[in-house]
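Read off the chains here:
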Amino acid sequence: RIRLPFLEPNFSVLRDIYRVGFPSMVVIMMESVMFALFNSFLSAFGSLAIAGGGLAIRIADLAFMPIIGTGHGLLPIVGYSFGAGLWKRLWKAVRLACWGLAVVMGVATIGLEIFAPQLIGIFTSDPELIALAVPAMRIILSSLVIAGPLIMFITVFEGLSKGRDVLFLSLARQLVFFIPLLFVLPRFLGANGVWLAIPISDWLGFLVAGSWLLREYRLRKRSEAGAVISASEGDSRTGLSGQARDY
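In this text, all values refer to a predicted model and were calculated from it rather than measured experimentally.

J.: Can you walk me through the pattern of salt bridges in this structure?
T.: Scanning the model with the defined rule gives five salt bridges in all. The salt bridge involving Arg220 is made with Glu216; its shortest N-O contact spans 2.9 Å. One end of the pair is Arg220 and the other is Glu216, both in helix H8 (residues 191–246) and four residues apart, which spans about a single turn. Across the pair, exposure class does not vary: Arg220 and Glu216 are buried alike. Each of Glu31, Arg173 and Asp202 takes part in salt bridges that share partners, so that together they form one network.

J.: Please clarify how the side chain of Asp165 should be interpreted in this entry.
T.: Mapping Asp165 onto the fold places it in helix H7 (residues 163–189). Setting aside chain neighbours within four positions, we find Asp165 in contact with Phe157 and Trp212.

J.: Where do I start with the nonpolar core in this structure?
T.: One recurring pattern in soluble globular proteins is that nonpolar side chains are buried together. Ranked by size, the top nonpolar core spans 57 residues in total, and within it Phe38, Val94, Met137, Ile140, Phe178 and Trp195 carry the most contacts. Those residues within four positions of Ile140 in sequence are excluded, and the remaining contacts are Phe38, Ala56, Ile57, Ala60, Trp195, Ile198 and Pro199.

J.: What should I look at first to understand the packing of aromatic side chains in this one?
T.: Aromatic ring pairs are described here by two measures, namely the spacing of the ring centres and the angle between the planes. Per the counting criterion, the structure on display carries eight aromatic pairs. Ring geometry for Phe41 against Phe183: centres 5.0 Å apart, planes inclined by 85 degrees, an arrangement best described as edge-to-face. A residue pair is termed long-range when its members are at least 10 positions apart, and Phe41 in helix H1 (residues 11–42) and Phe183 in helix H7 qualify at 142 residues. Taking relative accessible area as the criterion, Phe41 reaches 19% and is therefore assigned buried. Summarising the aromatic geometry, the rings of Trp87 and Trp91 are spaced 6.2 Å apart at their centres and angled 25 degrees between planes, so their arrangement reads as stacked. With Trp87 and Trp91 both in helix H3 (residues 87–114), this residue pair falls four residues apart, about one helical turn. A cation over an aromatic ring shows up here: Arg215 above the ring of Trp212, its NZ or CZ 5.1 Å from the ring centre.

J.: What should I look at first to understand unusual backbone geometry in this one?
T.: It is generally the case that most residues other than glycine have a negative phi and that most peptide bonds are trans. Phi is positive for Ser161, close to 60 degrees, though the residue is something other than glycine. Here Ser161 is to be found in the loop between helix H6 (144–159) and H7. Exposure remark for Ser161: the relative accessible area of 29% places this residue in the partly exposed category.

Cut-offs and rules
- Residues numbered from 1 in each chain as written.
- Predicted model: local features only at pLDDT ≥ 70, side-chain atom pairs only at ≥ 80, totals over all residues.
- Heavy atoms only, no water.
- Salt bridge = Lys/Arg side-chain N within 4 Å of Asp/Glu carboxyl O.
- Helix = DSSP H or I, 4+ residues; strand = E, 2+ residues; numbered from the N terminus.
- Buried < 20%, exposed > 50% of the residue type's maximum accessible area, 1.4 Å probe, protein only.
- Contact = heavy atoms within 4.5 Å.
- Core = buried A, V, L, I, M, F, W, Y, C linked by side-chain atoms within 4.5 Å.
- Phe/Tyr/Trp six-rings, centres within 6.5 Å; stacked < 30°, edge-to-face > 60°.
- Lys NZ or Arg CZ within 6 Å of the ring centre and 35° of its normal.

Have a look at this one:
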């Protein structure tokens, strides 16, 4: 039976929920801000640039779906393995997800780069728009091969309940890299500078997130090694005390 006391909020549980969920909420909000800025900078190059960028982004979103699905699959594995202390299983799952996505996205990138004119041609027959959207699509998708591992790196920290790390790594790509690149590159490269801001920020975010995850891996390894040494020293002390008693 449902009773009123059962409906009282547990603030410790709510705190844990928002500690993990709040960074994801901020990241989603920042994605909207990024897209608005992206279109704002494109508007300086005319309506065709906005249309071409929109087409390229939509096709990129379709190619991104396997990454999202893999991330949703990896997250509970990381969380369950973390809770059970199964670190070997956790890192094995991360490696499998990253390498699998790198291969799949690498093959997808080759296909999308080769058949970019045909794919853009499905949505428009305007030759000017196709001429603008094809290079935009090829530039934007040039970082697709590392987009999967990048998202998996951040997903690991989400599964480890490290909301601050998730927020830092996500905002590093969006605020620290992408937005400054939007202000700088178009001044020298025109519309191509707007397209280039996406893959360059992805690659920089990949390097930062990869180094952050490597640091976490090494810290976990050290803590495991310390626990093993402490346990072995405790066993030796127990054995010595037993021998003393026998003596």
